[in-house]
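Structural description and commentary
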2 protein chains.
Amino acid sequence: MQVEIISIGDELLIGQTINTNASWMGQELSRRGAFVSRVVTISDKTDAIRSAIDEGLNNADVVLVTGGLGPTKDDVTKKVITDYFEDELYIHEETLERVKGFFARMNRPMLEVNVQQAAVPKKCTVLKNMQGTAPGMWLEKNSKILISLPGVPYEMKGIMEQEVFPRLEHLFGLKQFYAKTANLQGVGESYIADKMAVWEDNLRSNGLELAYLPSPGLVRLRITSLNGQSDEALIDACFRELEEAYPENLYGYGDASLAEITGNLLKQYGATVATAESCTGGALAASLVSVPGSSAYFHGGFLTYTNELKHTILGVQQEHFTTVGAVSEEVVREMAAGGKNKLNVDYCVSISGIAGPDGGTEEKPVGTVWIGIASPKRVVAKRFLFSDNRERVINRTVLSALNFLRNEILWNHQ
Amino acid sequence: MQVEIISIGDELLIGQTINTNASWMGQELSRRGAFVSRVVTISDKTDAIRSAIDEGLNNADVVLVTGGLGPTKDDVTKKVITDYFEDELYIHEETLERVKGFFARMNRPMLEVNVQQAAVPKKCTVLKNMQGTAPGMWLEKNSKILISLPGVPYEMKGIMEQEVFPRLEHLFGLKQFYAKTANLQGVGESYIADKMAVWEDNLRSNGLELAYLPSPGLVRLRITSLNGQSDEALIDACFRELEEAYPENLYGYGDASLAEITGNLLKQYGATVATAESCTGGALAASLVSVPGSSAYFHGGFLTYTNELKHTILGVQQEHFTTVGAVSEEVVREMAAGGKNKLNVDYCVSISGIAGPDGGTEEKPVGTVWIGIASPKRVVAKRFLFSDNRERVINRTVLSALNFLRNEILWNHQ
């Protein structure tokens, strides 16, 4: 079953509103095995709507139209649809009663424009809107289906769930796609694609689909099966190969964030954590604290942006600043050890780097970051080089520190 | 000038990614007087891309294509475009050098797929990508223009601003709207709309347009003139009235963030700052540090998530935790004073609150936050109540703390 989505509204074209309706519909339809082939966003103009509907019904089995059903003058969708189906409008009594009830409950006067919301084409099946006044409409022509829905997100979602999906499932016997997503930190998509080329080919020849979903510092790999849940074991086997190839990078599956997964590990082992941050200025701690329930393991931290505070608060030896510099293995090791000791926690993660845009040298360019961890069994440190602007250097540093911590917790408990 | 936007990517159709690129382009193009007539979102398939390009070039003067330029196999856009223009690919030396430099700076090996990122159609004008490896491409056919850009938002935006807008302005004589935006913190848009109703009417009867651009914790008010720069004085006069109505809320104009503006004030007065944070876990400090050059005024901070650390590190009296509780005026005052004293700074901002989802009581519900500031002349504290989820409570707390600090610096120097 092919679907085309038509989103109507000038506010979408001028970027005043982001088209979250189309994303939600795309998500829900794909989950049910329908294939969204195109999303077309157009203005409130008659011609644009008419030709989009025409194209949509030519291309797809089902056309979902959102927007343009409100009571204000600039909403012409209903008229265009009625003309397109060579039909005429009439007042749908059941809807009118519902609209009247709506206004009575809100204790507001009902205007003539509101009565017109109950007008629908004669040929249409009315889709009840339990969340608002404008009803949805279902029309058929040459065994193609056109569904028109209001643009208000919660009204659209209500009608989709209560009226549209049950009908489509019945008509098209929609099956459920099965998809699983693995999340990796610290390795770029092009390196994975290069190293895993054979794996990727095998996967495709097994009828599975692979998608790379990169974001700064992270890559998500999604494997989809068109055969539904029955391919679950096959997909799990593919991901086990990926785990073996990237044991330190692959941190989890699905929607759980790296901060959440690292936090869960700390909780699991009853361990506590603190941070000693310089160039990230608290961003690592803020990421840990963003997880609900983080008070179970996060105790606190020191933000030591100046060398003086690294010395007085964390006990970093003064001489390091002149010999190896603040961005060095020696300094992050002493920061981590000092923080762990002072805050009496199991793990302390330290960060010292050059976030930029200034402060870089030939030997230590902008983006150079040292991360240290003092853990129950040892103190370790790693050097990273991120080439990006300040915001993204900080973001990548936080993700790298979280994954470094995750691996260090696992090492301590192996 | 009519523009059609083509957004390529299965992740958009299945709703895994929301199409924010199209919104941003729509916004920026409308501001410049260009008319976006359609946004078409399609899959990574050759046929879909080819026919969308064909339709786009028939409908509009300029077609903007985003996505499908990455190094992985599922990205076919470049090949389709090259075929459509009956052209062939060659390695663009300047781009190759740039890509090589990019990998050299990152100290990473360059793969064959990365070399291919420098391949472009012979007929195209290369649009330099200063933020990533895939270059933009500009092609012309029958006096229509096709522009292909990477789908990574910051790369797309960089090329649009540095390469595309200047060319379009030159070619189509796009007029520059004149717009100015005022930024307010700590007051809701509906309250402004209510209090400033007469002001808003006057503004519109002067031919100006007003838009409210709300985001969590902030409201931006944009006044636009279709007459260009000539209305500058009129707009400034309108904003002066707004400043008088909201002296503590209106913190600045244009794109400068609240952290930047507060940081600039600190720099201006040669003052230093630190934080002592509990429920925000470093998010306030991270916000201050996100500003380039913040090392001039940000010295460091203490993250004291547990009561024990509030006592041992900051010197908060133990008895407060049993009498008034950790989320109280007494505690944030002592946190701020203790932090200022220990870190030897001019200003120390302290935060203690209940970010949720757990920990609320009838007297102190989730979203209750106390913010304290120790400044050269006094220690002050304020209570806030934010009703929202954990992430937004933290976000609003940070913005409120920054604006509180900004007003406190001004008070100290009045």
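No experiment lies behind these values; they were computed from the predicted model shown.

Bringing the environment of T304 of chain B into the picture now. Residue and element names in this part refer to chain B. Relative to the helices and strands, T304 resides in strand β14 (residues 298-304). Looking at T304, the relative accessible area reads 1%, which means it is buried. Counting along the chain gives 22 residues from T304 to G282, while the straight-line C-alpha distance between them is 9.5 Å.

What follows concerns the side chain of E163 of chain B. All names here are of chain B. Mapped onto the elements of the fold, E163 is located in helix α7 (residues 153-172). A relative accessible area of 14% means that E163 is categorised as buried. Separated by 2.8 Å, the side chains of E163 and R167 make a polar contact. What E163 contacts, discounting residues up to four positions off in sequence, is V126, L127, K128 and G158.

Residue and element names in this part refer to chain A. Read across the sheet, four strands follow the order β10-β11-β9-β12 without closing on themselves; strand pairing throughout is antiparallel. Strands at the two margins of the open sheet, each flanked by one partner only, are β10 (208-215) and β12 (250-253). Across this sheet, the average inter-strand angle for adjacent strands is 20°, counted without regard to direction. Across eight bridges, the pairing between strand β9 (residues 178-185) and strand β11 (residues 218-225) is antiparallel. Residue pairing for β11: A179 is matched across the bridge by T224. Relative to the sheet, helix α10 (residues 232-245) contacts β9, β10, β11 and β12, its axis offset from that of β9 by approximately 10°. The sheet strands contacting helix α16 (residues 390-412) are β9, β11 and β12, and the helix crosses β9 at an angle near 95°.

Residue and element names in this part refer to chain B. The buried count for strand β11 (residues 218-225) comes to seven of eight residues, which makes it a mostly enclosed element. Taken together, the seven bridges between strand β10 (residues 209-215) and β11 define a ladder with antiparallel strand orientation. Counterpart to L210 in the pairing with β11 is I223.

A few words on the packing of aromatic side chains. The full count for this structure, using the stated rule, is 13 aromatic pairs over all chains. In this structure, K382 of chain A is placed above the aromatic ring of F404 of chain A, and the distance from its NZ or CZ to the ring centre is 4.6 Å.

Looking now at the interface of chain B and chain A. Chain B puts 65 residues into the contact, and the matching count from chain A is 69 residues. Taken together, both faces of the contact between chain B and chain A bury some 5300 Å²; the carbon and sulfur share is 60%. On the surface where chain B and chain A come into contact, there are two salt bridges. Across the pair R38 of chain B and E55 of chain A runs a salt bridge whose closest N-O atoms are separated by 3.4 Å. There are 23 residue pairs in polar contact (both at pLDDT 80 or more) connecting chain B and chain A. Here the side of chain B that touches chain A is composed, by residue class, of 30 nonpolar, 27 polar and eight charged. With five bridges joining them, strand β14 (residues 298-304) of chain A and β14 of chain B adopt antiparallel strand pairing. What sits directly across from T304 of chain A, in β14 of chain B, is G300 of chain B.

Right, let's get into the environment of S43 of chain A. Inspection of the secondary structure assignment puts S43 of chain A in the loop between β2 (35-42) and α3 (46-59). In this structure S43 of chain A touches I8, G9, D10, L13, A48 and I49 of chain A together with S37 of chain B, once residues within four positions along its chain are discounted.

Let's shift gears to the domain arrangement of chain A. Residues and elements named next belong to chain A. Domain parsing of chain A yields domain 1 (2-172), domain 2 (178-253) and domain 3 (258-412). Look at where the C-alpha atoms of domain 2 and domain 3 centre, and you get two points 30 Å apart. Listed by partner, the interface residues are 10 residues for domain 2 and 11 residues for domain 3. Together domain 2 and domain 3 conceal approximately 840 Å² of surface at their shared face, both sides included; 53% is due to carbon and sulfur atoms. The largest share of the area that domain 2 buries against domain 3 comes from Q185, P216 and Y251, three residues that together contribute 62% of it. Counting the contacts that link domain 2 with domain 3 gives zero salt bridges. One can count five residue pairs in polar contact (both at pLDDT 80 or more) joining domain 2 with domain 3. By residue number, the principal contributor to the side of domain 2 that touches domain 3 is β12, which donates three residues. When its residues are assigned to classes, the side of domain 2 that touches domain 3 shows five nonpolar, four polar and one charged.

Rules of the game
Residues numbered from 1 in each chain as written. Chains lettered and ligands numbered in written order. Predicted model: local features only at pLDDT ≥ 70, side-chain atom pairs only at ≥ 80, totals over all residues. Heavy atoms only, no water. Helix = DSSP H or I, 4+ residues; strand = E, 2+ residues; numbered from the N terminus. Buried < 20%, exposed > 50% of the residue type's maximum accessible area, 1.4 Å probe, protein only. Polar contact = N/O pair within 3.5 Å; in protein donor to acceptor, adjacent residues only side chain to side chain. Contact = heavy atoms within 4.5 Å. Pairing = 2+ DSSP bridges. Axes fitted to C-alpha atoms, helices over the stretch in contact; angles between N-to-C directions. Phe/Tyr/Trp six-rings, centres within 6.5 Å; stacked < 30°, edge-to-face > 60°. Lys NZ or Arg CZ within 6 Å of the ring centre and 35° of its normal. Buried area = accessible area lost by both parts, 1.4 Å probe. Salt bridge = Lys/Arg side-chain N within 4 Å of Asp/Glu carboxyl O. Nonpolar A, V, L, I, M, F, W, Y, C, P; charged D, E, K, R; others polar. Domains from an automatic or database assignment.

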